[in-house]
Amino acid sequence: MTAPLDVLVVGAGPTGLALATQLRSYATPFRIVDRSLDRVRESRALAIQPRTLEMLAPFGVTDDLVDRGNATVGLHLHLPRRVLRVPVFDVGCDDTPYPYLLFLPQSETEAVLSAHLAARGVTVERGTELLTAEPEGDLVACRLRHGDGSEETVRARHVVGCDGAHSTVRTRAGIAFEGYAYPQTFLLADLEADGLEPGAVHTYMTAAGLLFFFPLGTPATWRMIAMQPPGASVGEVTLDLLQRIADDWTTDDWTTDKPVLRDPVWMTSFRVHNRGATHYRKGPFFLAGDAAHIHSPAGGQGMNTGIQDALNLGWNLAHVCRGAAPEDLLETYEAERAPVGHGVRRLTDRAFTVGTSSHPALRLARTRLAPRVAPLALRATAARALLFRTVSELGIHYRRGPASGTGPHRPRQGPRAGDRLPDTPAGLQRRVAGPGYHLLLTGPDRAWPEDPPLGGRRDLVSVHRLGGQSPWPGITHALVRPDGYVGYLARGTDLTGLRAHLDHWLPAPWARGRQPARRRDQPWYVM
């Protein structure tokens, strides 16, 4: 009988591929399956946020994504009789190496991640569908059907559903998916649009709703998104229909340059839902990405939230499966990521309602109030900085999470426990980019012992002496988790609190009891 897997990943979109990338870096035994015969070829999701680029950087894929993508830092807001040119990422971005929104088709994102896995010997099993998943003791018996019709049963300690809004894993786990659908129908197209200034996002605010043009680059120069005109029947999406909408929504009162549409590569219609799983974990089953939450595409949050779900969960699974961490580390996944998912759903719902509602007050706000208020609001750098931190997902934190701890003396400045580690000074994130935990020691070297006592964890925790070049003033020690968030933080050189934190979340070998031991022939990290 084949040895059980540690993890079965179901779904090979960006979320599943990101999870597989992290599991591979820890040499965790897993398989990744997807019932589709091929990765997506359409552009679909197209915005990669700075925080996602940061979290993917340790695996060596971010540079490739940036090389293929279109880094955009400008927004052209088309209002009656004027166009506001807004450099949206010019403030609030001094602590990230990626101070921009990267436009890259989902097909290209998947291609980069798939190539990374293939180069490391991971096969994405396309055309393989999960039929059933039944717990059997400490394992889950999963029946798979392959593209040739043959079936097999594999057993895994954990099953992760990255299989989208219609998740089979979620259904098999018995987890409810609650929410609602919006009444509007939207039209989407990748095409050419003459008359638009390149290198910026173009937004038209009208009484009927919002019209967007995003700089795509490939497979076409522009992505157009518009709401189906009220009262129009939902039928085939044609170039004539899209041009008619563009003409109606960009009248001479709005701009002298009307977009002229041509050469569509892909056109479709879609409905928007706002739904969330009632739990992100149920026993051996986990949900990530669209299987856990779906919402409006406003702000480009969907794919990014899914990838970050995966990179929060992957290292937890790897450490628990190797016996380096207690089982309750897996409980932190829902505790940390469910509030993020709820927040994204709430934020996108509000933005969607304001931008599309036919309520007279909101229509008036879009056409009358916005042109007067927007120029004033955009002059407020603090407001733009807050917008950037929110949309870029750099502001996500786990300060109230169970795995975030602070010593008796907390630094008065700098990131707190549960915050992401900023790239301050520049290059710090790359310095601590390797898998595993990282202990940062700041202040004079003479303040710290030559070999900090880590209790037999030298293969799990890397030590970095930052001197005076750190996010915190004075003498501080901080434990950075494998996903780039500060897990423990304290001022001073007393490591008692750190040892207690490690004893709970990363028990030393002699304290791991009967948990599975790491095989000598299997390294922890395989980059």
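See the structure above.
Residues numbered from 1 in each chain as written. Predicted model: local features only at pLDDT ≥ 70, side-chain atom pairs only at ≥ 80, totals over all residues. Heavy atoms only, no water.

Participant: Requested: an account of the pattern of salt bridges, with residues and values cited.
Facilitator: Applying the stated criterion across every chain yields a total of 25 salt bridges. When the shortest N-O distance is used, the salt bridge between Glu197 and Arg85 registers 3.4 Å. One end of the pair, Glu197, is in the loop between β12 (177–194) and β13 (201–205); the other, Arg85, is in strand β6 (residues 82–86), with 112 residues separating them in the sequence. Using a relative accessible area of 53% as the deciding quantity, one classes Arg85 as exposed. (Salt bridge = Lys/Arg side-chain N within 4 Å of Asp/Glu carboxyl O. Helix = DSSP H or I, 4+ residues; strand = E, 2+ residues; numbered from the N terminus. Buried < 20%, exposed > 50% of the residue type's maximum accessible area, 1.4 Å probe, protein only.)

Participant: I'd love a proper account of the sheet that holds strand β19 (residues 293–294), names of residues and values included.
Facilitator: Strand order in the open sheet made by the 8 strands is β6-β5-β13-β14-β15-β12-β16-β19, with mixed pairing throughout. Taken across any chain shown, the strands that pair with only one partner, and hence form the sheet edges, are β6 and β19. When strand β5 (residues 75–79) meets β13, the two strands line up parallel, connected through 4 bridges. Its bridge partner being in β13, His76 is matched across the sheet by His202. (Pairing = 2+ DSSP bridges.)

Participant: How would you sum up the packing of helix α1 (residues 14–25) against helix α4 (residues 106–119)? Please name residues and give values.
Facilitator: Direction vectors running N to C along α1 and α4 enclose 25 degrees, while the axes themselves pass 10 Å from each other. Taken together, the axis directions place α1 and α4 in an arrangement best described as roughly parallel. The crossing of α1 and α4 is left-handed. On α4, the residues touching Pro14, Leu17, Ala18, Ala20, Thr21 and Arg24 of α1 are Gln106, Glu110, Leu113, Ser114, His116 and Leu117. Residues that form the contact of α1 with α4 fall into these classes: 6 nonpolar, 4 polar and 2 charged. (Axes fitted to C-alpha atoms, helices over the stretch in contact; angles between N-to-C directions. Parallel < 35°, antiparallel > 145°, perpendicular 65-115°, else oblique. Left-handed = near helix turned anticlockwise from the far one by under 90°. Contact = heavy atoms within 4.5 Å. Nonpolar A, V, L, I, M, F, W, Y, C, P; charged D, E, K, R; others polar.)

Participant: Explain the sheet that holds strand β7 (residues 101–103) to me, and be specific about the residues and the numbers.
Facilitator: Here 3 strands make up an open sheet; going across it, the order is β3-β7-β4 and the pairing antiparallel. Two strands close off the open sheet at either side, each with one partner strand: β3 (47–48) and β4 (70–72). Pairing between β4 and β7: 3 bridges, direction antiparallel. The partner of Asn70 across the bridge, within β7, is Phe103.

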